[in-house]
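Fold and contact review
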Amino acid sequence: MNLVDVKNVSFAYSENNFVLQNISFSLQKGSVAIIGQNGSGKTTLVKLLKGLLKPKVGDVFIKGINTKDTTAAKLAKTVGLVFQNPNDQIFKNKVLDEVMFGPLNIGQSVDEARENALRALEIVSLTEKSQENPYDLSLSERKLISIASILSMNTDIVIFDEPTIAQDCWGKTRVKDIVRLLVSAGKLVITITHDMDFVGECFERVIVLNKGKLLLDGSAKDVFSQEDVLSAAYLEPPYITQLCHQLHYDEVFLSPESFISYYESHRQKKETNDAKH
Amino acid sequence: MVVKKTIVVENLKYRYPNTSKLALDSISFSVDEGQFVGIVGKNLAGKSTLCEALVGLVPHFYKGAYGGKVVVDGVEVLNSSIGEMARHIGIVFQNPFTQITAAKLTVYEEIAFGLENLGMDRVEMVKRIDYVLDLLGLYDFKDRNPFELSGGQMQRLAIAGIIAMKPTVIVLDEPTSQLDPQGSEEVFKAVQRLSKEGVTIVMVEQKMEKIAQYADKVMLISEGKMIDFDSPQKLFSREDLENFGVEPPVFTTIAKKLNVKDETTGLYPVTIDEARRLFSL
Ligand SMILES: Nc1ncnc2c1ncn2[C@@H]1O[C@H](COP(=O)(O)OP(=O)(O)OP(=O)(O)O)[C@@H](O)[C@H]1O
Ligand SMILES: Nc1ncnc2c1ncn2[C@@H]1O[C@H](COP(=O)(O)OP(=O)(O)O)[C@@H](O)[C@H]1O
Ligand SMILES: [Mg+2]
Ligand SMILES: [Mg+2]
């Protein structure tokens, strides 16, 4: 059984003004990035997966259950969504209460919830802030708190809506580690992001939305080789990939590490050749 | 010719109320008219606080202990209200939500609001609003309630509102964090154009590749102190950059690992153009 099935889904906030049109795809465990222009429908799509919105046309199935036949409360055990703006998500006066809220809400005991919350805070390295008021923290810290609040629920599907907003390189590394951790724990991680280098480094599959329609769905390598299609959708490949194109390399690299090892081996070859002449 | 200094900061020190550490510690620098300055540094380094000190939110809105001097467009911040400062300097906040006034019903009126406050005449106002709506790709949304925009569209609106006002100095605090790749590129291009027209730009960013390409100078801040203020090439070539929690552009990172430098300057590449030149085998 698939974890997610989206079948011919269309959605409009107001009558006939469709912001998503005839979207279909299925997802298994693993990592998938959703990319697209501002306003292309990414946030709307993940709100449909979370059951916060219901399709106007078509159906969304989570583990085979139609979101129209269940409640957002029941889906909360399976699908966790970290909001784009942490202020939309955070409402408690104490960090620990905030991170415990989700687990308590899906029926965990207080002890269990506290244990899960503390572990989640440790993962985002904010254990020492557990007694503080989230509103006294910076935007980058609030974003990490909103991530911890979802990790603590231990759902099979974890969705991040632009998790690297406001993060410095340390925070970005943290988020990358979290994605890898969840994937190795057998979860489905869906991430919306505008950071193409992050996509290149961390995601196996990439879905591209363009003006409410599904434009591309494939491996990161395949998607990022199609520079023209991406450009038409207001996107671009990771910087490393752009550099490979400009240097006319035959191969496409998505991460600095793969570029470095390729370049090093070619430089060596060239040096040996030069030495021969 | 003497170049006008639109920003002069002398030994600025600031501590938020009920805190013990200086958020800004002995900062001194000046910026020429029309310069594009990038500010980089890790989370909590003091970047946003410095922005607040330039526009007067520090010390007029955020109280606390304040020392030193900040002069913007010839006006000393300490002696003028936030309202007065707004005629000289505008700010795009880190979180676009904080920017939207909620006083107005549509995107169009939201942008007009700031201009009305400046007492601008109607004809000029309409001209400027049309210009920024187009520039930020918001034309189709001009009659929309600002709170019914996507995150990136809201950030575009925050930028549009300030660019329309065209003050002497524009401060942008991580303004492209929610923009799609082409949207950020367009914002950097627009901001660069403004700086060429004489508007002084101060921009906090995490996108080092873009800062390296567009900024004239880059300031590195760590723990409230100004560590360096130099050309992107020199600043990002620092071997100790990582100690301050900053990663240079990815082109510089790979060049450092592969020890690829420009032989004449002894500096690493910081833009894709420099990288292409130095990496071709
Ligand atoms: N509450 C709402 N009411 C009406 N229209 C909305 C609402 N929220 C979003 N929209 C519109 O729906 C479209 C899709 O928005 P959505 O938030 O899904 O985009 P997104 O891809 O997440 O964009 P971003 O990258 O800017 O976050 C946009 O045109 C947006 O203006
Ligand atoms: N409103 C505030 N009250 C108290 N301390 C604050 C406030 N805003 C920021 N700080 C503190 O000031 C320091 C600098 O923060 P900030 O300027 O937001 O950094 P940056 O923008 O570089 O991430 C941090 O130690 C932060 O905790
Ligand atoms: Mg969104
Ligand atoms: Mg900041």
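Right above here is the structure, for reference.
Residues numbered from 1 in each chain as written. Chains lettered and ligands numbered in written order. Predicted model: local features only at pLDDT ≥ 70, side-chain atom pairs only at ≥ 80, totals over all residues. Heavy atoms only, no water.

Side note on the coordination of the magnesium ion (ligand 4)
Residues and elements named next belong to chain B.
- Each protein donor to the magnesium ion (ligand 4) is listed here as Ser48 (OG) and Gln94 (OE1); together their distances run 2.0 to 2.5 Å. Note that Ser48 is positioned in helix H1 (residues 47-55) and Gln94 in the loop between strand E6 (89-92) and helix H4 (96-99), a separation of 46 residues in sequence.
- Classification of Ser48 as partly exposed rests on a relative accessible area of 22%.
- On the basis of relative accessibility, which here comes to 17%, the residue Gln94 falls in the buried class. (Donors = N, O, S within 2.8 Å, 3.2 Å for Na, K, Ca; no water. Helix = DSSP H or I, 4+ residues; strand = E, 2+ residues; numbered from the N terminus. Buried < 20%, exposed > 50% of the residue type's maximum accessible area, 1.4 Å probe, protein only.)

Concerning the packing of helix H5 (residues 107-117) of chain B against helix H6 (residues 122-135) of chain B
Residues and elements named next belong to chain B.
- Here H5 crosses H6 at 130°, and the two axes come no closer than 10 Å. One element, H5, and the other, H6, form an angle in the oblique class. Between H5 and H6 lies a crossing whose hand is right-handed. Taken together, the residues of H6 that come into contact with H5 (itself represented by Val107, Tyr108, Ile111, Ala112, Leu115 and Glu116) are Arg122, Met125, Val126, Arg128, Ile129, Asp130, Val132 and Leu133.
- By residue class, the composition of the contact of H5 with H6 is 10 nonpolar, no polar and 4 charged. (Axes fitted to C-alpha atoms, helices over the stretch in contact; angles between N-to-C directions. Parallel < 35°, antiparallel > 145°, perpendicular 65-115°, else oblique. Left-handed = near helix turned anticlockwise from the far one by under 90°. Contact = heavy atoms within 4.5 Å. Nonpolar A, V, L, I, M, F, W, Y, C, P; charged D, E, K, R; others polar.)

Examining the packing of aromatic side chains
- For the coordinates displayed, the defined rule picks out 17 aromatic pairs over all chains.
- An angle of 15° between the planes, with centres 6.0 Å apart, marks the rings of Phe259(A) and Tyr263(A) as stacked. Of this pair, Phe259(A) and Tyr263(A) both sit in helix H11 (residues 256-276), 4 residues apart, which is roughly one turn of that helix.
- A relative accessible area of 0% means that Phe259(A) is categorised as buried.
- With a centroid separation of 5.0 Å and 85° between ring planes, the pair formed by Phe61(B) and Tyr62(B) is classed as edge-to-face.
- An aromatic cluster of three or more residues is present, and its members are Tyr249(A), Phe253(A), Phe259(A), Tyr262(A), Tyr263(A) and Phe279(B). (Phe/Tyr/Trp six-rings, centres within 6.5 Å; stacked < 30°, edge-to-face > 60°.)

Considering the coordination of the magnesium ion (ligand 3)
Residues and elements named next belong to chain A.
- Protein ligation of the magnesium ion (ligand 3) involves Thr43 (OG1) and Gln84 (OE1), the donor distances falling in the range 2.0 to 2.3 Å. Taken together, the residues span a long stretch of sequence, with Thr43 in helix H1 (residues 42-49) and Gln84 in the loop between strand E6 (79-82) and helix H3 (95-105) at a distance of 41 residues.
- Overall, the relative accessible area of 11% leaves Gln84 in the buried class.

Looking at the site of ligand 2
Residues and elements named next belong to chain B.
- In the vicinity of ligand 2, the contacting residues are Tyr16, Thr19, Ala23, Lys42, Asn43, Leu44, Ala45, Gly46, Lys47, Ser48, Thr49 and Tyr62.
- Separating an oxygen atom of ligand 2 from a backbone N or O atom of Gly46 is a distance of 2.9 Å.
- Taking 560 Å² as the accessible area of ligand 2 by itself, protein coverage stands at 69%.
- Of the residues belonging to the shell around ligand 2, the class tally is 5 nonpolar, 5 polar and 2 charged. (Near = heavy atom within 4 Å. Polar contact = N/O pair within 3.5 Å; in protein donor to acceptor, adjacent residues only side chain to side chain. Areas by Shrake-Rupley, 256 points an atom, 1.4 Å probe, with all protein chains shown as cover.)

Considering the interface of chain A and chain B
- Contacts between the two partners involve 40 residues from chain A, matched on the other side by 38 residues from chain B.
- Here chain A meets chain B over a buried area of about 3400 Å², counting both sides, of which 60% is carbon and sulfur.
- If you sort the residues of chain A by the area they bury against chain B, Asn38(A), Tyr239(A) and Tyr263(A) come out on top, with a joint share of 18%.
- Taken together, the links from chain A to chain B amount to 0 salt bridges.
- Along the contact surface separating chain A from chain B lie 12 residue pairs in polar contact (both at pLDDT 80 or more).
- For the side of chain A that touches chain B, the leading source of residues is H11(A), giving 8 residues. (Buried area = accessible area lost by both parts, 1.4 Å probe. Salt bridge = Lys/Arg side-chain N within 4 Å of Asp/Glu carboxyl O.)

Worth remembering: the numbers are spatial, not functional.
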